[in-house]
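If you want the building blocks of each chain, they are given just below.
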Amino acid sequence: MTVTLITGANKGLGFEAAQRLKKLGHTVYIGSRDEERGKEAAEKLEAQYIVLDVTNEESVKNAAIEIEKREGYIDVLINNAGISGNHSFVQDITADMMEQVYNTNVFGIVRVTQHFLPLLKKSNQPVIVNVSSGLGSFGQVTNPEKIESTVNALAYCSSKAAVSMLTLQYAKGLPDIRINAVDPGPTKTDLTGHGFQTLEQGTDAIVKMATIDNSGPTGIFINRDGIIPW
Ligand code: NAP
């Protein structure tokens with residue numbers, strides 16, 4: 001049985017990905033920083049839930065201990081939890097605001113990856129999917145033909161660029177694990193409040209990279225249409 005953990009899966013893209021992977025036969029753990037929200041989401045999907053706040057070392061450590069106790073391993077880790085932060089003018093963004101966004105979007109991935117690596121290493125086909133964004137792609141934000149070039153969000157965009165580089169560095173350092181970054185594309189969720197894609201379209205790349213095997217790629221960045229520039 002494929003055991004999959006998705007952080008921030010109590011709603012939005014994480015919840016939709018959980019639903020789709022559950023239908024494909026995965027044992028899905030809904031990671032949620034709030035017990036009530038996690039439980040409610042897991043009940044809807046008849047999935048498992050685990051309390052996991054990616055900004056809290058103890059919480060991540062305890063989640064890894066608990067899943068190891070219950071399953072012994074995980075096959076798929078989807079680092080999905082994210083926040084948008086403040087989209088004020090760049091001159092109004094403080095280091096504290098940046099730190100808050102990086103603590104979730106960037107350091108959160110490091111915390112979760114670090115604590116779950118021992119469980120992933122027990123899998124025959126370990127896979128990590130990092131949910132990045134086209135807004136963190138240098139190629140997209142500098143291309144005037146792309147919608148991403150119209151956004152000016154210091155904290156969010158730079159945090160997602162960091163997620164992409166984290167992905168490459170992890171992929172290089174851990175060649176036995178398939179580790180890739182995905183851009184869901186503009187999808188209406190609580191994070192964005194707008195976006196033209198359905199949740200299904202927004203999770204196509206996540207589901208695709210969560211279901212690769214050992215012959216699949218590592219160290220790539222895709223959206224639902226294929227490879228995108230870093
Ligand atoms: P969302 O509906 O706001 O969901 C975000 C999820 O992350 C929620 O479950 C939230 O939990 C969780 N979360 C936030 N901080 C957390 C923490 N400290 N610990 C654990 N969970 C935490 O947003 P979404 O659009 O589905 O976003 C999912 C991912 O996709 C994010 O990484 C986002 O940057 C990325 N993305 C989204 C789009 C888009 O257009 N929607 C495009 C590109 C990339 P709570 O319910 O407790 O707040």
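Report follows, based on the coordinates. This structure is a prediction, so every number in the text was calculated from the model and none was measured. (Residues numbered from 1 in each chain as written. Predicted model: local features only at pLDDT ≥ 70, side-chain atom pairs only at ≥ 80, totals over all residues. Heavy atoms only, no water.)

1. Topic: the overall build of the chain
When helices and strands are counted, the chain shows eight helices and eight strands. Taking 2.2 N^0.38 as the reference for a compact globule, 230 residues should give roughly 17 Å; the C-alpha atoms of the chain span a radius of gyration of 16 Å, in line with that estimate. Expressed along its principal axes, the backbone C-alpha trace of the chain runs to roughly 45 × 35 × 30 Å. Taking all contacts inside the chain whose residues are at least 6 apart in sequence as the whole, residues at least 24 apart take part in 66%. (Helix = DSSP H or I, 4+ residues; strand = E, 2+ residues; numbered from the N terminus. Rg over C-alpha atoms; globule rule 2.2 N^0.38 Å. Contact = heavy atoms within 4.5 Å.)

2. Topic: the pairing of strand 1 (residues 3–6)
By the alternation rule, side chains of strand 1 split into V3 and L5 and T4 and I6, which are all buried. Relative to strand 2 (residues 27–32), strand 1 runs parallel, the two being bridged by four bridges. Each bridged residue has a counterpart across the sheet, and for L5 the counterpart in strand 2 is Y29. As judged from the three bridges shared by strand 1 and strand 4 (residues 76–79), these two strands associate in the parallel manner. In the strand pairing of strand 4, T4 is matched with V76. (Buried < 20%, exposed > 50% of the residue type's maximum accessible area, 1.4 Å probe, protein only. Pairing = 2+ DSSP bridges.)

3. Here we look at the pattern of salt bridges
When their charged atoms lie close together, side chains carrying opposite charge are able to pair. Scanning the entire structure with this criterion turns up seven salt bridges. In this structure, D190 engages K11 in a salt bridge whose closest nitrogen and oxygen atoms are separated by 3.0 Å. Separated by 179 residues along the polypeptide, D190 in the loop between strand 6 (178–182) and helix 8 (199–210) and K11 in the loop between strand 1 and helix 1 (12–23) bring together distant segments of the chain. Between R224 and D204 there is a salt bridge, with its nearest N and O atoms 3.0 Å apart. Of this pair, R224 sits in the loop between strand 7 (221–223) and strand 8 (226–227) while D204 sits in helix 8, and the two are 20 residues apart along the sequence. You can call D204 partly exposed: its relative accessible area is 22%. Look at the salt bridges and you will find they share partners, linking R20, D204 and R224 into a network. (Salt bridge = Lys/Arg side-chain N within 4 Å of Asp/Glu carboxyl O.)

4. Focus on the site of the ligand
Neighbouring the ligand are 30 residues; L13, R33, N80, Y156 and T189 lie closest to it. A distance of 2.5 Å separates an oxygen atom of the ligand from a polar side-chain atom of Y156. The side chain of T189 places a nitrogen or oxygen atom 2.6 Å from an oxygen atom of the ligand. Computed on the free molecule, the ligand has an accessible area of 900 Å², of which 95% lies beneath the protein chains in the complex. For the shell around the ligand, the secondary-structure elements that each account for two or more residues are helix 1 and helix 7 (154–173). Class assignment for the residues of the shell around the ligand results in 10 nonpolar, 13 polar and seven charged. (Near = heavy atom within 4 Å. Polar contact = N/O pair within 3.5 Å; in protein donor to acceptor, adjacent residues only side chain to side chain. Areas by Shrake-Rupley, 256 points an atom, 1.4 Å probe, with all protein chains shown as cover. Nonpolar A, V, L, I, M, F, W, Y, C, P; charged D, E, K, R; others polar.)

5. Observations regarding the environment of G193
Mapped onto the secondary structure, G193 falls in the loop between strand 6 and helix 8. The exposure class of G193 is partly exposed, given its relative accessible area of 46%. Sequence separation between G193 and N105 is 88 residues; the distance between their C-alpha atoms is 18 Å.

6. Considerations on the pairing of strand 2
For strand 2, the tally of buried residues reaches six of six residues, placing the bulk of the element in the interior. Burial of strand 2 is two-sided: the residues T27, Y29 and G31 facing one way and the residues V28, I30 and S32 facing the other way are all buried. Handedness of the crossover joining strand 1 and strand 2 through helix 1 is recorded here as right-handed. The sheet contact formed by strand 2 and strand 3 (residues 48–51) spans four bridges and is parallel. Looking at strand 3, one finds that G31 is bridged to I50. (Right-handed = clockwise from strand over helix to strand, strands pointing away.)

7. Some points on a negative patch on the surface
On the surface, a cluster of negative charge is made up of E35, E36, E40 and E43. Tracing the backbone through its elements, the reader meets E35 in helix 2 (residues 35–45). (Patch = residues over 30% accessible without salt bridge, like charges linked within 9 Å, V, L, I, M, F, W, Y side chains within 5 Å. Lys, Arg positive; Asp, Glu negative; His and termini not counted. Charge placed at Lys NZ, Arg CZ, Asp CG, Glu CD.)

8. Describing the nonpolar core
In terms of nonpolar packing, the biggest core is built from 33 residues, with L5, L52, I67, I74, L77 and F116 touching the most fellow members. Tallying contributions element by element places helix 5 (residues 107–120) first for this core, with six residues. Not counting the four nearest positions on each side in its chain, L5 is found in contact with Y29, G31, I50, L52, I67, I74, V76, L77, I78 and F116. Core analysis: the next-biggest nonpolar cluster, separate from the first, contains 27 residues, A17, V28, A47 and V76 among them. (Core = buried A, V, L, I, M, F, W, Y, C linked by side-chain atoms within 4.5 Å.)

Such coordinate-based values are descriptive only and should not be taken to indicate function.
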